[in-house]
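# Fold and contact review
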Amino acid sequence: MIRRLSILLLLGAAGALAAEPPRVAAPPADLFKAGTLTPVMAAPELALAGSDGKPLNLARFRGKVVLLAFGFSNCGEVCPITLATLAGARKKLGAAAADVQVVYVTVDPERDDAAQMKKFLGSFDPTFVGGVGTHAQIEAAQKSFGISSTKNVNPDGSYTIGHSSSIYMIDRKGGLRAVMPYGHPADDFVHDLKILLQG
Amino acid sequence: MSSRRAWLWWVPLTCVAAALGWAGFAPIHVPSHDELFEIPKGTYARRMKGDQVEILPSQIRLTLGLNDVLLLRNLDDVPQVFGPTIMMPGQSFRLPFEKASRYDFACTAHASGQMTILVEEVPVMPWSKIHWRIREYWENRKG
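Computed from a prediction, not measured in an experiment: that's the story for all the values here.

### Quick look at the nonpolar core
Within the largest apolar cluster, 75 residues are counted, with the highest numbers of intra-cluster contacts made by Leu46, Leu68 and Phe145 of chain A together with Phe82 of chain B. The leading source of residues in this core is helix H5 (residues 186-198) of chain A, at 7 residues. Residues within four places of leucine 46 of chain A in sequence aside, it is in contact with Leu56, Asn57, Leu58, Leu68, Val103, Val105, Ala141 and Phe145 of chain A.

### Comments concerning the environment of valine 103 of chain A
All names here are of chain A. By the secondary structure assignment, valine 103 is in strand S5 (residues 100-106). For the pair valine 103 and valine 78, spaced 25 residues apart in the sequence, the C-alpha separation amounts to 16 Å. Apart from the residues within four sequence positions on either side, valine 103 is in contact with Leu46, Leu56, Phe61, Val66, Leu67, Leu68, Ala69 and Val129.

### So, the pattern of salt bridges
All chains considered together, the criterion is met by 14 salt bridges over all chains. A salt bridge links glutamate 98 of chain B to lysine 33 of chain A, with the shortest nitrogen-to-oxygen separation between them at 2.9 Å. Residue glutamate 98 of chain B is located in the loop between strand S6 (92-96) and strand S7 (101-106), and its partner lysine 33 of chain A is located in the loop between helix H1 (2-18) and strand S1 (35-42); the two belong to separate chains. The partner of arginine 94 of chain B in a salt bridge is aspartate 34 of chain B, with the nearest N and O atoms 2.7 Å apart. Residue arginine 94 of chain B is found in strand S6, and its partner aspartate 34 of chain B is found in strand S1 (residues 34-39); the two are separated by 60 residues along the sequence. A relative accessible area of 25% places aspartate 34 of chain B in the partly exposed class.

So, how was this worked out
- Residues numbered from 1 in each chain as written.
- Chains lettered and ligands numbered in written order.
- Predicted model: local features only at pLDDT ≥ 70, side-chain atom pairs only at ≥ 80, totals over all residues.
- Heavy atoms only, no water.
- Core = buried A, V, L, I, M, F, W, Y, C linked by side-chain atoms within 4.5 Å.
- Buried < 20%, exposed > 50% of the residue type's maximum accessible area, 1.4 Å probe, protein only.
- Helix = DSSP H or I, 4+ residues; strand = E, 2+ residues; numbered from the N terminus.
- Contact = heavy atoms within 4.5 Å.
- Salt bridge = Lys/Arg side-chain N within 4 Å of Asp/Glu carboxyl O.

Now the structure itself:
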């Protein structure tokens, strides 16, 4: 009798609990896919030369949403994927893409000059603007955004560069709002860009 | 065996079985999606003095659909780099995860300079729920 009662009690309790709905708050609908920074602070300014022949600073693009990333034209893995993703996101945005500016700053000042960056970026999207400069200028830009890069020299003397691969999302007022880690699809950028373009 | 002696056995057994039943079948409750970690004021200064301060765990475990957002607060006096970004003093960085995977990030708040985020699928089977609850309990106890 006791055994039966115990089993019934146990089954009843487990059944009641299993039927209980999940108890976790739903995330807000306007949650970014990227990581967000609060409070929003002004993005560090750049003082570089642009692949379009003009001085490159972020103030130039005030009023637009800027997607800023760091890389180099000889990159065989990460950079082509990042740039293709950003180009794909702009295409998906349609006319709204006119208010989105991609800025790609080199981490390889030895090999990347304005002409090289223009050719490289133009193969993905002709509106992309590259940032080039001296070693000191590039180092300062990297430091201000917390970007790390490491030069790896091959036995034949050639080299590649390992570097941070996140994409910084800067709002129309120049505030650094969000950071998208490497690997997100174009749709995630479109999702977040729509939020930023509305703001 | 008398009915009194039988109670001595069946009451604790029933309690253990009920606890396992609850742990295996009841929905997991977490108060928020955010898993908060803070970089305390003075972390950089202590490190500069040579202290091997470990104020964040070197590995953080998150679960999709439960605690799947990493929330970092920089309460230190200097900027801190966490993986994809730099956090100014007083700034917070909220990073959601949507894919179960292992993520390795650079992090200046760690003496090693590295931090790993393990994002796991939500436990569905009773045994995996029990395992999840026991692990969370021990990790919370360790602080």
